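Descriptive analysis of the structure
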Amino acid sequence: KKFIHINIYFEDKYLCIVISNNYFGNLAISEMDKMGYSSKGKSHGYGLNIVKDILKNNSDMENTRSVNGDIFSQILKIRIKK
């Protein structure tokens with residue numbers, strides 16, 4: 001059974017967006033930023049590469065990843081400027 005969970009909250013001076021989903025098989029976190037990498041097969045694997053490029057050009061954003069069992073989570077923190 002597949003699922004995706006999205007959580008949005010504020011933490012200190014950041015807007016945090018957490019996207020979690022389950023996966024099957026092997027997951028190579030070190031390979032995720034490469035164009036075309038996917039645990040889902042062909043015609044996937046472009047989104048995380050695009051996120052990497054956006055983060056590279058914006059110092060107000062941070063990205064972390066974690067794996068807990070069969071759940072992969074990506075946490076995007078966006079600094080709120082006042």
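So, here is what we can say about the structure in this document. These numbers were taken from a predicted model, which means no experiment stands behind them.

What counts as what
Residues numbered from 1 in each chain as written. Predicted model: local features only at pLDDT ≥ 70, side-chain atom pairs only at ≥ 80, totals over all residues. Heavy atoms only, no water. Pairing = 2+ DSSP bridges. Helix = DSSP H or I, 4+ residues; strand = E, 2+ residues; numbered from the N terminus. Axes fitted to C-alpha atoms, helices over the stretch in contact; angles between N-to-C directions. Contact = heavy atoms within 4.5 Å.

**Considerations on the sheet that holds strand β4 (residues 71-79)**
What holds strands together in a sheet is hydrogen bonding between their backbones, with the strands either parallel or antiparallel. Reading across from one edge, β1-β2-β4-β3 is the order of the four strands in this open sheet, with antiparallel pairing throughout. Each edge of the open sheet carries a strand with a single partner, namely β1 (4-11) and β3 (61-68). Across the sheet, the mean angle separating the axes of adjacent strands is 15 degrees when strand polarity is ignored. Bridge analysis of β3 against β4 gives eight bridges, and the strand direction is antiparallel. Its bridge partner lying in β4, Val 67 is registered against Phe 72. Across the sheet, helix α1 (residues 47-56) touches β3 and β4, and the angle it forms with β3 is around 145 degrees.

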